[in-house]
Amino acid sequence: MNQPKLEEIKREEFKTKPNFSKEDVKDVLDKIVKIVDHMLLKFHGDVFPRACSKGYVYDTVGNLVWDETNNESIWTTSFWTGILWLMYEYTHDEKYKKEAQLHSDSFRTRIENYYHKDEQEAGLNHHDIGFLYCITTVADYKLTGSEKALETSLMAAKLLSKRYIDKAKILQAWGDMNDENQRGRMIIDCNLNIPLLYFANSFSSNDTYYQMAYNHVKTASEYLIRPDASTFHTFHMDTETGAPRFGSTHQGYSDNSCWARGQAWGIMGFPISYGYTKDEVFLDKAKCLANYFLNRLPKDFVCNWDLIFQNENDQRDTSAAAVAAIGLLELAKHLPLTDASKRVYENACLYITKSLSEKYLGTNQEGILKSGVYFYHGNLGIDEYLIFGDYFFVELLIRLYKDWNSYW
Ligand code: GLY
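All figures in this text were calculated on a predicted structure; none of them were measured in a lab.

A. Seen up close, the overall build of the protein. When helices and strands are counted, the protein shows 13 helices and nine strands. For 408 residues, the compact-globule estimate of 2.2 N^0.38 gives 22 Å, and the protein sits close to it at 20 Å. Reported as C-alpha extents along the three principal axes, the dimensions of the protein are approximately 60 × 55 × 40 Å. For the protein, with 408 residues in total, the buried portion stands at 62%. A separation threshold of at least 6 residues defines the contact pool for the protein, and within that pool the share at least 24 residues apart is 68%. Surface summary for the protein: the accessible area is close to 15,700 Å², and the carbon and sulfur share equals 48%.

B. Molecular detail of the site of the ligand. The environment of the ligand is formed by Trp-75, Asp-189, Gln-251, Trp-259, Arg-261, Trp-265 and Tyr-374. Between the ligand and Asp-189, the relevant distance is 2.7 Å, taken from a nitrogen atom to a side-chain nitrogen or oxygen of the residue. Contact between the ligand and Trp-265: an oxygen atom at 3.1 Å from a side-chain N or O atom of the residue. When isolated, the ligand has an accessible area of 200 Å², and the protein chains bury 95% of it. Classifying every residue of the shell around the ligand by side-chain character gives four nonpolar, one polar and two charged.

C. Quick peek at the nonpolar core. Core analysis: the largest hydrophobic core is formed by 141 residues, its most contacted members being Phe-392, Phe-393 and Trp-408. A total of 11 residues in this core trace back to one element, the largest contributor, which is helix H11 (residues 318-334).

Reading the values: the criteria
Residues numbered from 1 in each chain as written. Predicted model: local features only at pLDDT ≥ 70, side-chain atom pairs only at ≥ 80, totals over all residues. Heavy atoms only, no water. Helix = DSSP H or I, 4+ residues; strand = E, 2+ residues; numbered from the N terminus. Rg over C-alpha atoms; globule rule 2.2 N^0.38 Å. Buried < 20%, exposed > 50% of the residue type's maximum accessible area, 1.4 Å probe, protein only. Contact = heavy atoms within 4.5 Å. Areas by Shrake-Rupley, 256 points an atom, 1.4 Å probe, with all protein chains shown as cover. Near = heavy atom within 4 Å. Polar contact = N/O pair within 3.5 Å; in protein donor to acceptor, adjacent residues only side chain to side chain. Nonpolar A, V, L, I, M, F, W, Y, C, P; charged D, E, K, R; others polar. Core = buried A, V, L, I, M, F, W, Y, C linked by side-chain atoms within 4.5 Å.

Rendered as structure tokens:
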């Protein structure tokens, strides 16, 4: 088994709690309610924000027809719905619920279109079905008990399971299952798609979904993590023999660097899988990833877009910071009080949240979290709002504000 290095955490600050109270969290959430209400004037019904803003203003995108020029929107429309569900939980205002439930219908139509209309146009030929359905129809079911939302979630899980390759024990990330260039390629982001399978498994008469999920995360923890506890963004498996081939990147700086959001998907995703499987390996490895991440933060605790960059003036990626901060909470939640790192992770989470709240909260009412990076080498969404960065920042605040029943 690959046992990555557990670095000692260098930042002294993490030994103590920062000055950031629940009242402070509430103040930020109250500001976000105003931003979301402003965004709702533009984004309602089947009109969603694009994956990233341009000049800090989101353009619109639909959910039902995949426009190839908008390739990035195929996995991100759900984050706006997720924000609405979180707003509903925070305010109990029915208007957010009403809007989010309309989205559930749209996500149902999208999956029906896949089967009965145009597979390509439905934009579901990838593993991000988990990102699309956990925070829309799964959230709907968990919050309202809607049977239709449950049925849609199970349809989505079934579709996701078709990407499982038994020989390699992974879910293939992208492309047609016979695509030579994509066959056998898994990516660290999939850690957040997996919860859809755990969810569906609890409604199943056998444990096939659970086995797929567990096997995938096990393979991911074996090969996507390097010995120094940094991560590859993607890893290629031989689908004939099941043997590991090589790591590579898509959104990071280079094949050998450590893409910050990828590391964050690991820090958040492995403890989530621990919650479902109780496999200690996932917690141990998440600790290694977390320490590597925390040792490479600039002074303001908000990571640069790739951890190879450690200068104060390099480009931050606040979305990675928000995801990692949630991961630190999720990790700490599973650690016993006797484990000294439990408090360190909780404190580190608060330092990151405080910095995001004080330095990076949107000021033009058009989005929530500034200074995200979507795809640096693709020149897409650099120093912009990202709808998923917005979502995860709100989820982070809600987790700090109340006892939250996770959508994942
Ligand atoms: N899952 C794609 C991304 O993190 O940009």
